[in-house]
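# Results of the structural survey
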Amino acid sequence: MTRQALPRRATQPRQTIAVLGTLTRDTTVYADGRRTENLGGLLYTLSTLAHLSAGKIRILPVANVGQDLASAVERALQLPGVDTALVRRVPVANNHVYLTYRDAETRDEVLVGLVPPVDLAHALAALQADHFLVNLTSGLDVELATLQALRRQFHGTIQLDIHSLTLGFAADGLRVLRRPEDWRQWVRCADWVQMNETEARLLGDGAEPEAFAARLLDLGPRVVLVTLAAHGVFACWEEAGVRQSLRLAAAHRWPAPFPTGCGDVFGAAFAYARLAGASTPDSVRIANGVASTKAGIEPYAELTNIRRHAAAHLEPLGRAAVHA
């Protein structure tokens with residue numbers, strides 16, 4: 001008797017998140033004198049996505065890395081679901097960021113070394129992704145014309161973290177706040193936009209972040225997220241023609257012991273939750289909680305445990321999402 005093969009159960013293809021930005025070497029001096037030497041930049045985003053999704057999402061970093069950091073980055077990116085095909089070694093010194101905290105929330109930043117921006121051909125190599133998370137960790141990670149061309153050709157959602165777009169250069173690589181004249185054009189490229197309170201006040205000419213965030217919806221984004229450090233987060237979004245907003249208190253007691261990377265973790269957790277099917281407000285709640293977990297974790301490599309630490313915050317995704 002011939003045994004008939006059982007019909008195969010249809011499986012959902014893995015979603016792909018392309019993540020564009022810059023991988024860095026970080027030297028951080030905290031206000032209490034602690035000093036750490038870590039990899040950083042885009043690694044906070046990538047590690048959070050990898051360990052929250054536990055390999056269920058294909059994560060495709062789109063980045064240039066300097067030859068001096070390439071081997072360390074290669075080892076660091078051995079993460080669940082991460083595909084390094086579009087991480088390209090370039091023959092220059094990699095970005096080295098020196099962060100000196102003056103208090104729990106304010107810091108001086110110096111950038112030494114600089115990899116070139118991701119060009120259009122490089123970005124379009126990830127065109128088949130479902131979602132594009134653009135995290136401007138240096139502010140020079142990609143040129144506006146490249147992002148605009150990507151927007152025209154990419155049919156998924158684009159998430160933009162303004163991050164270092166608002167930082168220019170002074171002497172010896174010191175980053176200084178500046179208001180780029182073309183910031184509106186950057187915002188128009190995105191479906192979801194994220195920034196912190198300082199960036200929102202700068203771009204909004206001192207307007208309250210809540211009012212400024214609501215105005216940004218007029219430029220095209222469907223979701224605007226403003227992280228407020230000790231004061232939590234504000235989000236506004238448009239759904240079915242109706243505008244809504246949500247403000248949450250910080251989920252972590254401030255001052256945070258390790259604030260570096262909290263905004264990156266927030267954006268990654270929001271993307272993970274939203275693409276996993278959570279509503280916008282639930283995704284904001286999840287991201288707020290997961291980012292609070294990062295506030296107690298340093299260095300970035302310890303984010304391997306973020307899924308366990310943040311399990312309670314992931315409950316809106318259901319038991320399967322938390323315990324997978």
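Residues numbered from 1 in each chain as written. Predicted model: local features only at pLDDT ≥ 70, side-chain atom pairs only at ≥ 80, totals over all residues. Heavy atoms only, no water.

Right, let's talk about the sheet that holds strand E9 (residues 157-161) for a bit. Strand order across the open sheet formed by nine strands is E5-E4-E1-E8-E9-E12-E13-E14-E15, with mixed pairing between neighbours. In this open sheet, the two strands that pair with only one neighbour each are strand E5 (87-90) and strand E15 (242-248). For this sheet, the mean inter-axis angle between neighbouring strands, taken without regard to orientation, is 15°. Relative to strand E13 (residues 223-227), strand E12 (residues 192-196) is paired through five bridges, and the arrangement is parallel. (Pairing = 2+ DSSP bridges. Helix = DSSP H or I, 4+ residues; strand = E, 2+ residues; numbered from the N terminus. Axes fitted to C-alpha atoms, helices over the stretch in contact; angles between N-to-C directions.)

Pairing within the open sheet is mixed, and its four strands lie in the order E3-E2-E6-E7. The open sheet has two edge strands with one neighbour each: strand E3 (35-41) and strand E7 (107-112). Strand-to-strand twist across the sheet, computed as the mean angle between neighbouring axes with direction ignored, equals 20°. Its contacts with the sheet put helix H1 (residues 42-53) on strand E2 (23-29) and E3, and the angle it makes with E3 is roughly 70°. (Contact = heavy atoms within 4.5 Å.)

Looking now at the environment of Gln-159. Positionally, Gln-159 belongs in strand E9. Residue class for Gln-159 comes out buried when judged on its relative accessible area of 2%. When neighbours within four sequence positions are excluded, Gln-159 is seen to be in contact with His-131, Phe-132, Leu-133, Val-134, Trp-192, Gln-194, Gly-267, Phe-270 and Ala-271. Within the structure, Gln-159 has its side chain in polar contact with the backbone oxygen of Gly-267 (distance 3.0 Å). (Buried < 20%, exposed > 50% of the residue type's maximum accessible area, 1.4 Å probe, protein only. Polar contact = N/O pair within 3.5 Å; in protein donor to acceptor, adjacent residues only side chain to side chain.)

The next subject is unusual backbone geometry. That bond from Glu-298 to Pro-299 is cis: its omega, 5°, falls within 30 degrees of zero. Take Pro-299: it is sitting in the loop between helix H9 (280-294) and helix H10 (306-309). Positive phi outside glycine occurs at Asp-172, with the angle close to 60°. By the secondary structure assignment, Asp-172 is in the loop between strand E10 (167-169) and strand E11 (175-177).

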